[in-house]
Amino acid sequence: MDRPRHFTLRFSCPDRVGIVARVASFFADHGGWILRSSQHSDEDSQRFFMRVEVRADSLDLDEAALCDAFDAIGREFDMDWQISDSAVKKRVVILVSKQMHCLYDLLERWQSRELDIEIPCVISNHDDARGLVEWHGLRYHHVPIDKNNKPEAWAEIERLFVEAGGETMVLARFMQILPADLCDRFPGRILNIHHSFLPSFVGAQPYLQAYQRGVKQVGATCHYVTPELDQGPIIDQDVTRVDHGDTVRDLVRYGKDIEKAVLARGLRYHLEDRVLVSGRRTVVL
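Attention in this report is confined to the structure presented alongside it. (Residues numbered from 1 in each chain as written. Predicted model: local features only at pLDDT ≥ 70, side-chain atom pairs only at ≥ 80, totals over all residues. Heavy atoms only, no water.)

### Regarding helix α3 (residues 101-111)
Most of α3 is tucked away, with eight of its eleven residues classed as buried. What α3 keeps buried is the set H101, C102, L103, D105, L106, L107, R109 and W110. Where α3 is buried, its residues touch β5 (92-96), β6 (122-124), α4 (130-135), β8 (168-171), β9 (190-195) and α8 (248-271). Immediately beyond the C-terminal end of α3, within one or two residues, lies R113, with a positive phi of roughly 70 degrees. (Buried < 20%, exposed > 50% of the residue type's maximum accessible area, 1.4 Å probe, protein only. Helix = DSSP H or I, 4+ residues; strand = E, 2+ residues; numbered from the N terminus. Contact = heavy atoms within 4.5 Å.)

### Concerning the sheet that holds strand β10 (residues 217-224)
Here seven strands make up an open sheet; going across it, the order is β7-β6-β5-β8-β9-β10-β11 and the pairing mixed. Only two strands of the sheet have a single partner each, and these edge strands are β7 (140-142) and β11 (234-241). Ignoring strand direction, the axes of neighbouring strands in this sheet form an average angle of 15 degrees. Here three bridges tie β8 to β9, and the two strands are oriented parallel to one another. (Pairing = 2+ DSSP bridges. Axes fitted to C-alpha atoms, helices over the stretch in contact; angles between N-to-C directions.)

### Here we look at the sheet that holds strand β2 (residues 34-42)
As summarised here, the arrangement of the four strands in space is β2-β3-β1-β4, forming an open sheet in which the pairing is antiparallel. The open sheet has two edge strands with one neighbour each: β2 and β4 (80-85). Neighbour to neighbour, the strand axes of the sheet diverge by 10 degrees on average, direction disregarded. Where strand β1 (residues 6-14) and β4 come together, six bridges link them in antiparallel fashion. Bridge pairing in β4 places S12 opposite D80. The strands touched by helix α2 (residues 63-76) within the sheet are β1 and β4, with β4 carrying the most contacts at an inclination of about 165 degrees.

### Overview of the pairing of strand β3 (residues 47-55)
In terms of residue burial, β3 counts as a mostly covered element, since eight of its nine residues are buried. Here β1 pairs with β3 via nine bridges, running antiparallel. Residue F7 lies in a different strand from β3, and its bridge partner there is V54. Bridge count for β2 against β3 is eight bridges, and the pairing is antiparallel. Its bridge partner lying in β3, S38 is registered against R51. Turn length for the β2-β3 hairpin, with the two strands adjacent in sequence and antiparallel, is four residues, and the turn residue Q46 shows positive phi of about 60 degrees.

### A few points about the packing of aromatic side chains
Overall, the coordinates contain six aromatic pairs when judged by the stated rule. Relative to F48, the ring of F11 lies with its centre 6.3 Å away and its plane at 40 degrees, an arrangement referred to as tilted. Placement of the pair is F11 in strand β1 and F48 in strand β3, with a sequence separation of 37 residues. Pairing F161 with F186 gives two aromatic rings, centres 5.2 Å apart and planes at 85 degrees, and the pair type is edge-to-face. With F161 in helix α5 (residues 150-163) and F186 in the loop between α6 (180-185) and β9, this residue pair connects regions lying 25 residues apart in the sequence. In terms of burial, F161 and F186 fall into one category: buried. (Phe/Tyr/Trp six-rings, centres within 6.5 Å; stacked < 30°, edge-to-face > 60°.)

Listed below in structure tokens is the structure:
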């Protein structure tokens, strides 16, 4: 059964006494039926993080009026806050290169409504995925990237993302390094997936390097993209055990399975407004 329409409030602010009581009282004053509530107090940063889901049909305010009314509390507690509506599907633009296992997985989850999102387009620096994407009835943009056209290519990718009304950009094994200025323009809105060997096995054939070193586990990391390569705040990770009997091909297969699961899970946390960034770390509520 589908969950009732709800508004999700998430925020962070300097920690102090009375935050939870003030937020709960605010919703109670407007008839709000709280479905879920989670919070975290971070001792290192002295900041407080909270996420609250409230049934939309229980409130005496629509979303716009709710935001206007809550603004006073946001200013009172110096909050970095936002309210989202579960009835509004998030718009996700996927970028991919030649490895398509993560793209296949996201499209299946989208088609089955496991990920209830809009995918206005898929962008690639190769033409390999066109048939798959267009078979799903989605728009496909081929933007070649080479050493001679990088500024123009990145400008075109950004234009396509903005033109499509993209809210989130997912690098589903997109094997290009994003320019720093693009990362800075969309903080907390670009997700990447990579194997978890970094920084030990950098460059080509990381699984071969790992095999030759006799690693005992392989894994994957989903993180936000920042100007520092593969150093953005981590959203989700996972690993699986391997042993001396596994081949390089086995390691690659295990890695792809984990990459698919971790990317989907990290994207879901992001879309459900569960992820709050705290410096170089994340709080996932």
